Amino acid sequence: KAGVTQTPRYLIKTRGQQVTLSCSPISGHRSVSWYQQTPGQGLQFLFEYFSETQRNKGNFPGRFSGRQFSNSRSEMNVSTLELGDSALYLCASSRGPDSNEQFFGPGTRLTVL
Amino acid sequence: AQSVAQPEDQVNVAEGNPLTVKCTYSVSGNPYLFWYVQYPNRGLQFLLKYITGDNLVKGSYGFEAEFNKSQTSFHLKKPSALVSDSALYFCAVRWGAESGGGGADGLTFGKGTHLIIQP
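Residues numbered from 1 in each chain as written. Chains lettered and ligands numbered in written order. Predicted model: local features only at pLDDT ≥ 70, side-chain atom pairs only at ≥ 80, totals over all residues. Heavy atoms only, no water.

Student: When you look at the overall build of chain B in this model, what are you seeing that I'm missing?
Tutor: In terms of helices and strands, chain B carries zero helices and twelve strands. Seen in sequence order, chain B has helices and strands lined up from the N terminus as β-β-β-β-β-β-β-β-β-β-β-β. Restricting the contact set of chain B to residue pairs at least 6 apart, pairs at least 24 apart contribute 60%. Carbon and sulfur atoms make up 50% of the accessible area of chain B, which totals about 5400 Å². (Helix = DSSP H or I, 4+ residues; strand = E, 2+ residues; numbered from the N terminus. Contact = heavy atoms within 4.5 Å. Areas by Shrake-Rupley, 256 points an atom, 1.4 Å probe, with all protein chains shown as cover.)

Right under this line is the structure:
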């Protein structure tokens, strides 16, 4: 069974631009969560989607948004990029919102110049 | 609010010796506790979890962890360290469903502990 895939793996953008990251969960998994990992703040929860609905959102500004499609694939978007948005963005999938095990993808490394 | 503390930024252990990576948590109700490992340029890999039942949980690669409710701890242990165990380890907590949570909140992670196993 294929694992969680994230595209692209690496991305370089400049301040003010916007970016879209993609995540394909494990087949059969319907819940997708997004996390931001930085050296200073560590791993922080962004949001979780299930059945195309955002179930919960972490403490991030409105520039961070996401969505989930009917096939459970998810995208997250960051608008008006700031230098501080440089991070590893991790996607995790699970069978459902009450599942206790999340499987993480390799992440997308975003660098904002 | 839930929180996790990993008091050590780095732990150094000689190969073959036992290792412990510490984790304490703060959460209302019953916690769901997890350990993940991250190798360079890789995503997180699940090691083990505590949901309910036996306080001693066994996981992947010979790791185990003991849930201690009175000390609110969930330390990761391994009897004999390998050089290949060198990585970044994260403890995480989630609010248990029976306490009113339903997993809707994301995992709250500790800052991570670098485990270095010296040959």
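Moving on, there is more to tell.
Student: Explanation requested: the packing of aromatic side chains in the structure shown.
Tutor: For any pair of aromatic rings, the description consists of the separation of the ring centres together with the inter-plane angle of the planes. Evaluation of the coordinates by the stated rule reveals 14 aromatic pairs over all chains. Their ring planes at 45 degrees and their centres at 5.5 Å tell us that A:Tyr35 and A:Phe104 sit as a pair that is tilted. With A:Tyr35 in strand β4 (residues 31-38) and A:Phe104 in strand β10 (residues 103-104), this residue pair connects regions lying 69 residues apart in the sequence. In this pair, the class of A:Tyr35 matches that of A:Phe104, namely buried. Ring centres 5.9 Å apart and planes at 75 degrees place the aromatic pair B:Tyr36 and B:Phe46 in the edge-to-face group. (Phe/Tyr/Trp six-rings, centres within 6.5 Å; stacked < 30°, edge-to-face > 60°. Buried < 20%, exposed > 50% of the residue type's maximum accessible area, 1.4 Å probe, protein only.)

Student: I would appreciate a short explanation of the interface of chain B and chain A in the present structure.
Tutor: Many authors give the size of an interface as the accessible area that is lost as the parts come together. Each partner contributes to the interface: chain B provides 22 residues, whereas chain A provides 22 residues. Summed over both partners, the interface of chain B with chain A comes to about 1700 Å²; 45% of that surface belongs to carbon and sulfur atoms. Counting across the chain B and chain A interface gives two salt bridges. Between A:Glu101 and B:Lys49 there is a salt bridge whose closest N-O contact spans 3.7 Å. Where chain B meets chain A, there are five residue pairs in polar contact (both at pLDDT 80 or more). Going through the elements one at a time, β5 (31-38), β6 (44-50) and β10 (87-95) of chain B are the ones with two or more residues in the side of chain B that touches chain A. Here the side of chain B that touches chain A takes four residues from β5(B), the largest share from any one element. (Buried area = accessible area lost by both parts, 1.4 Å probe. Salt bridge = Lys/Arg side-chain N within 4 Å of Asp/Glu carboxyl O. Polar contact = N/O pair within 3.5 Å; in protein donor to acceptor, adjacent residues only side chain to side chain.)

Student: I keep staring at the environment of B:Thr52 and nothing clicks. Help me out?
Tutor: Here B:Thr52 lies in the loop between β6 and β7 (56-58). Overall, the relative accessible area of 64% leaves B:Thr52 in the exposed class.

Everything listed is a geometric property; what it means functionally is a separate question.
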